[in-house]
Amino acid sequence: MERLLVVLKVSSLCCLLLGYGRIMVEAAPEVSLITSLRGFNDTFPSKHYSGYVTINGNPAPPKNLFYYFVVSERNPSMDPIVLWLNGGPGCSSFDGFVYEHGPFNFEAGKPTGSLPKLHLNPYSWSKVSNIIYLDSPAGVGFSYSKNTTNYVTGDFQTAIDTHNFLLEWFNIYPEFVSNPFYIAGESYAGIYVPTLAAQVAKGIKDGVNPIINFKGYMIGNAATDYKYDGNSLVPFAHGMALISDDIYEEAVTACKGNYYDSPNNNCNIVLNKIDQEVSGLNRYDILEPCYHRPTTKEDINENKNTNTSTIPLSFKQLGVTERPLAVRKRIYGRAWPFRAPVRAGIIPMWPELMKQAGRGVLCVDDTIATAWLNDDAVRKAIHVNQEVGAWNLCSAALTYYSEAGSMIPYHKNLTAQGYRALIYSGDHDMCVPYTGSQAWTRSLGYKIVDKWRPWMSNQQVAGYTQGYDTGLTFLTIKGAGHTVPEYKPRESLDFYSRWLEGKQI
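Residues numbered from 1 in each chain as written. Predicted model: local features only at pLDDT ≥ 70, side-chain atom pairs only at ≥ 80, totals over all residues. Heavy atoms only, no water.

A. Expanded view of the overall build of the chain. The secondary structure content of the chain amounts to 16 helices and 19 strands. Scored against the burial criterion, the 505 residues of the chain give a buried share of 57%. Of all intrachain contacts in the chain linking residues separated by at least 6 positions in sequence, the fraction that spans at least 24 positions is 72%. Carbon and sulfur atoms make up 52% of the accessible area of the chain, which amounts to about 20,900 Å² in all. (Helix = DSSP H or I, 4+ residues; strand = E, 2+ residues; numbered from the N terminus. Buried < 20%, exposed > 50% of the residue type's maximum accessible area, 1.4 Å probe, protein only. Contact = heavy atoms within 4.5 Å. Areas by Shrake-Rupley, 256 points an atom, 1.4 Å probe, with all protein chains shown as cover.)

Shown next, in the form of structure tokens:
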């Protein structure tokens, strides 16, 4: 497809610098430099930049894609560049920035409702890499277009737009063009990442400048293939002791292994029974609480000292971590209805689904990110255009078409070209269970070169892994949910850094 015309929004003077044994072009635009952030009173450990890259709209006017760039705290000129994409579709990558692996830990403000305090995150992925957080496609987060018809999009157009963003981003920051480049994401980024990787690989073959030094990609709890994803819940529920042997055997007999597209009424009956058995759980991490409706004043206030609250004490103690902000007890991310993985056609956005259901999203609490990113001082500091309305974690503005189909052919093609791939799964996620990811990676038929084994972090078993001869690695993270670094920050930095450096995890 003919490359779309890309227009620079930010220009800057360039000068030559000598750094780390090679000539660097220092062109990072000073107008995009972030010098302070509300809630953070310390010194930034590395430079931060943010702003817009403008690409042409289809139709015009153009699309303005917002990014937040964190320079590596270690060796910026040599460390990899990683593009991070949250899923949805339609969810902002500030989800990853605030709650997962960004440079700060956010401590809830006191009193409740006030802005958070920011502390340096000892497990930030910027410890070992340069990382770009991108709001994509236009209409998500701070990315926008003056022509809202640009908010009608899909898998292919999103990949094209993001590729064009990258080409222009490297023109703005040419000193990083020779760094190893990786694409990363989670959830519906299981579609974003391979389709974008295919565009990048094609651009390299076609000689599109600048030539991106693309090396590989990584995806967490990745939506991949409607058959494998749709078949994953039943064996997951059985393996996690969420359903009995009798129910599982009934499902095996009635459905004959086809859980994604029920072949008969008996199969429907038992699958509905399974849905009922697990419906009260938090889909993003079955170990975490899911508050359906607060029933008392104490519950509403989450008063941990009361003996009259109906919320079990064990629930209140879940989510305790080394971070000032505990794991979210209610997580907003893409959770498809059970046994209804992504298929071709329009994908309803979360706000639309909840409006149809006539209630709020269950398991949701992103008030800290919402309050901080809608503060005028914060928005000014990170160069948000004044035309942009309120930031929401997931957009209601998009009409998004799922059109790329199964990602398995994409993975085969990309790994055949020599690009490395890490497919990782929090093993307690019920939204995109590890059982599906393990099954489809195994189905590729690649030779196993690193047999199933535990991997270690902090001298403890952190999960299990299996490696293949094409550079494909499958990895589980023990006790983690859908957004892995949120649950296991130390372990996540360990596998992330080892994989980027080409070391054995």
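B. Just the pairing of strand S16 (residues 420-426), in detail. The buried count for S16 comes to six of seven residues, which makes it a mostly enclosed element. Relative to S16, strand S13 (residues 214-220) runs parallel, the two being bridged by five bridges. The residue bridging Tyr-217 from the neighbouring strand is Ala-421, located in S16. Bridge count between S16 and strand S19 (residues 472-477): six bridges; the pairing is parallel. Among the inter-strand pairings, Ile-423 is bridged to a residue of S19, identified as Phe-474. (Pairing = 2+ DSSP bridges.)

C. Examining helix H16 (residues 489-500) more closely. For H16, with twelve residues, the first-to-last C-alpha span of 16 Å sits near the 16 Å given by 1.5 Å per residue. Counting buried positions along H16 gives ten out of twelve residues, so the element sits mostly inside the fold. (Expected span 1.5 Å × (residues − 1).)

D. Quick look at the nonpolar core. Judged by nonpolar contacts, the single largest core of 116 residues is most densely connected at Trp-169, Ile-183, Ile-382 and Phe-495. The biggest single contributor to this core is helix H3 (residues 189-205), with eight residues. In this view, Trp-169 contacts Val-53, Tyr-67, Phe-69, Ile-81, Ile-132 and Phe-176; residues no more than four positions away in its chain are not counted. One finds Val-234, Ala-237, Ala-254 and Cys-255 within the second-largest nonpolar core, a separate group that totals 17 residues. (Core = buried A, V, L, I, M, F, W, Y, C linked by side-chain atoms within 4.5 Å.)

E. Seen up close, the pattern of salt bridges. Within the structure shown, the criterion is met by eleven salt bridges. Here Lys-202 and Asp-206 are joined by a salt bridge, their closest N and O atoms 2.8 Å apart. Owing to a relative accessible area of 39%, Lys-202 belongs among the partly exposed residues under this scheme. (Salt bridge = Lys/Arg side-chain N within 4 Å of Asp/Glu carboxyl O.)

F. The state of the cysteines, seen in detail. What the rule picks out here adds up to two disulfides. One disulfide in the model links Cys-91 with Cys-394; its S-S distance is 2.0 Å. Because the torsion about its S-S bond is 100 degrees, the bridge between Cys-91 and Cys-394 counts as right-handed. You can see Cys-91 sitting in the loop between strand S6 (81-85) and helix H1 (94-101) and its partner Cys-394 sitting in the loop between helix H12 (376-381) and strand S15 (399-402), a full 303 residues away along the chain. An identical accessibility class is assigned to Cys-91 and Cys-394; each is buried. Across the disulfide from Cys-255 sits Cys-267; the S-S distance is 2.0 Å. Taking the torsion about the S-S bond as the criterion, the Cys-255 to Cys-267 disulfide, at about 105 degrees, is right-handed. On the criterion of sequence distance, the pair formed by Cys-255 in helix H6 (residues 245-255) and Cys-267 in helix H7 (residues 265-278) is long-range, its members being twelve residues apart. The class for Cys-267 is buried, based on a relative accessible area of 0%. (Disulfide = S-S within 2.5 Å.)

G. Looking closely at the packing of aromatic side chains. Applying the stated criterion across every chain yields a total of 39 aromatic pairs. Geometrically, the ring pair formed by Tyr-49 and Tyr-173 is edge-to-face, given 5.7 Å between the ring centres and 75 degrees between the ring planes. Remark: Tyr-173 occurs in the loop between helix H2 (155-172) and strand S12 (181-186) and Tyr-49 occurs in strand S4 (residues 48-55); sequence separation between them is 124 residues. A residue is classified by how much of its surface remains accessible, and Tyr-49, at 2% relative accessible area, is buried. Overall, Tyr-173 belongs to the buried group, its relative accessible area being 0%. Over the face of the ring belonging to Trp-499 we find Arg-420, whose NZ or CZ atom lies 4.3 Å from the ring centre. (Phe/Tyr/Trp six-rings, centres within 6.5 Å; stacked < 30°, edge-to-face > 60°. Lys NZ or Arg CZ within 6 Å of the ring centre and 35° of its normal.)

H. Region of the structure containing the pairing of strand S5 (residues 63-70). Taking burial as the measure, the eight residues of S5 include eight buried ones, the bulk of the element. The alternating pattern of S5 places Lys-63, Leu-65, Tyr-67 and Phe-69 on one face and Asn-64, Phe-66, Tyr-68 and Val-70 on the opposite face, and all of these are buried. Where S4 and S5 come together, eight bridges link them in antiparallel fashion. Bridge pairing in S5 links Ile-55 to Lys-63.

I. Region of interest: the packing of H6 against H7. Orientation of H6 relative to H7, taken along the N-to-C sense of each, is 150 degrees, at an axis distance of 8 Å. By the angle between their axes, H6 is roughly antiparallel relative to H7. Seen from above, H6 lies across H7 with left-handed handedness. Along its contact with H6, which presents Ile-247, Glu-250, Ala-251, Ala-254 and Cys-255, the element H7 presents Asn-266, Cys-267, Val-270, Leu-271, Lys-273, Ile-274 and Glu-277. (Axes fitted to C-alpha atoms, helices over the stretch in contact; angles between N-to-C directions. Parallel < 35°, antiparallel > 145°, perpendicular 65-115°, else oblique. Left-handed = near helix turned anticlockwise from the far one by under 90°.)

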